[in-house]
Protein chains: 2
Amino acid sequence: MAAVEIRIELKKGVADPEGGNTKKTLESLGFLGVKSVRSVKVFEMELEMDPEAARVAADDMCRKLLANPVIQNYSITVR
Amino acid sequence: MAAVEIRIELKKGVADPEGGNTKKTLESLGFLGVKSVRSVKVFEMELEMDPEAARVAADDMCRKLLANPVIQNYSITVR
């Protein structure tokens, strides 16, 4: 059994409306000093395979379904 | 300047439709051995304050806006 964390974030320069709106809302609530907010998506998975196979499978999942390579980067952590 | 990561996840026992649907779609694409998928939301922030103040501010942000304490847990990492 492998515990896998897949972290998907927008590439630099790609607009992040969720992050931008969160920043604005925090400011409207009175929070000062918020220089930037970026939103990140994480999937935590349990895969019934050994860690090496899990890393290969997770990479395949990102390419086939989870990430959009035009605008997103992804990273995989296997424990 | 403090780099803050806020990680928001559903409490145990709370239904995770996004994770569940991702698992089903991965299986329909032929991925075997996917035991569970959980979705997690992360916000990365730069806050113009010292790390201690940043941790207090981030906790306040979670309570006032970012997390729903009924169904979500959050954790804060300051670098």
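Calculation criteria
Residues numbered from 1 in each chain as written. Chains lettered and ligands numbered in written order. Predicted model: local features only at pLDDT ≥ 70, side-chain atom pairs only at ≥ 80, totals over all residues. Heavy atoms only, no water. Axes fitted to C-alpha atoms, helices over the stretch in contact; angles between N-to-C directions. Helix = DSSP H or I, 4+ residues; strand = E, 2+ residues; numbered from the N terminus. Parallel < 35°, antiparallel > 145°, perpendicular 65-115°, else oblique. Contact = heavy atoms within 4.5 Å. Nonpolar A, V, L, I, M, F, W, Y, C, P; charged D, E, K, R; others polar. Expected span 1.5 Å × (residues − 1). Buried < 20%, exposed > 50% of the residue type's maximum accessible area, 1.4 Å probe, protein only. Polar contact = N/O pair within 3.5 Å; in protein donor to acceptor, adjacent residues only side chain to side chain. Salt bridge = Lys/Arg side-chain N within 4 Å of Asp/Glu carboxyl O. Pairing = 2+ DSSP bridges. Least-squares fit on C-alpha atoms with pLDDT ≥ 70 in both. Arc of directions from axis to C-beta.

Caption draft 1: Representation of the packing of helix H2 (residues 51–66) of chain A against helix H1 (residues 17–28) of chain B in the model. Where H2(A) contacts H1(B), the two axes come as close as 11 Å, and the packing angle between them is 100°. Between H2(A) and H1(B), the crossing angle belongs to the class labelled roughly perpendicular. Contacts from Met61(A), Leu65(A) and Leu66(A) in H2(A) reach Thr22(B), Thr25(B) and Leu26(B) in H1(B). Considered class by class, the residues forming the contact of H2(A) with H1(B) number 4 nonpolar, 2 polar and no charged.

Caption draft 2: The arrangement of H2(A) in detail. In this model H2(A) runs just 19 Å from its N-terminal to its C-terminal C-alpha over 16 residues, more than 12% under the 22 Å that 1.5 Å per residue would give. Of the positions making up H2(A), those classed as buried are Ala54(A), Ala57(A), Ala58(A), Asp60(A), Met61(A), Cys62(A) and Leu66(A). Considering only its buried residues, H2(A) is in contact with strand S1 (2–10), strand S2 (34–47) and strand S3 (72–78) of chain A together with H1 and strand S2 (34–47) of chain B. Near the N-terminus of H2(A), the side chain that reaches the backbone nitrogen of Glu52(A), with its oxygen 3.1 Å away, is that of Asp50(A).

Caption draft 3: Quick look at the interface of chain B and chain A. At the interface, 34 residues of chain B touch 34 residues of chain A. Summed over the shared surface of chain B and chain A, the result is 6 salt bridges. Its salt-bridge partner being Glu18(A), residue Lys41(B) comes within 3.0 Å of it at the nearest N-O pair. Between chain B and chain A we count 16 residue pairs in polar contact (both at pLDDT 80 or more) in total.

Caption draft 4: Local environment of the pairing of strand S1 (residues 2–10) of chain B. Residue and element names in this part refer to chain B. In terms of residue burial, S1 counts as a mostly covered element, since 7 of its 9 residues are buried. The sheet contact formed by S1 and S2 spans 8 bridges and is antiparallel. The residue of S2 that forms the bridge with Ala 3 is Glu 46. Strand direction decides the pairing type here: S1 and strand S3 (residues 72–78), joined by 7 bridges, are antiparallel. Following the sheet pairing, Arg 7 is matched in S3 by Ser 75.

Caption draft 5: The relation of the copies chain B and chain A, seen in detail. Superposing chain B onto chain A takes a rotation of 180° plus a shift of 0.0 Å along the axis, which leaves an RMSD of 0.0 Å. The superposition of one copy onto the other is thereby described by a two-fold rotation axis. Judged by C-alpha distance, Lys41(B) is the residue of chain B that lies nearest the rotation axis, at 2.7 Å. The residues that chain B uses at the interface reappear at the interface of chain A in 100% of cases, marking a shared surface.

Caption draft 6: Main features of H1(B). Taking 1.5 Å of rise per residue, the 12 residues of H1(B) would be expected to cover 16 Å, and the 16 Å separating its terminal C-alpha atoms lies within 8% of that figure. Gly19(B), Thr22(B) and Leu26(B) are the residues of H1(B) that are buried. All buried residues of H1(B) project into a common sector of 60° when viewed along the axis, lining one side. H1(B) presents Pro17(B), Lys24(B) and Ser28(B) as exposed residues on the side facing more than 90 degrees away from its buried surface. Packing partners of the buried residues in H1(B) comprise S2 and H2 of chain A together with S2 of chain B. Where H1(B) ends, the next residue or the one after it, Gly30(B), has phi of about 105°, a positive value.

By themselves, these observations are geometric and do not establish any function.
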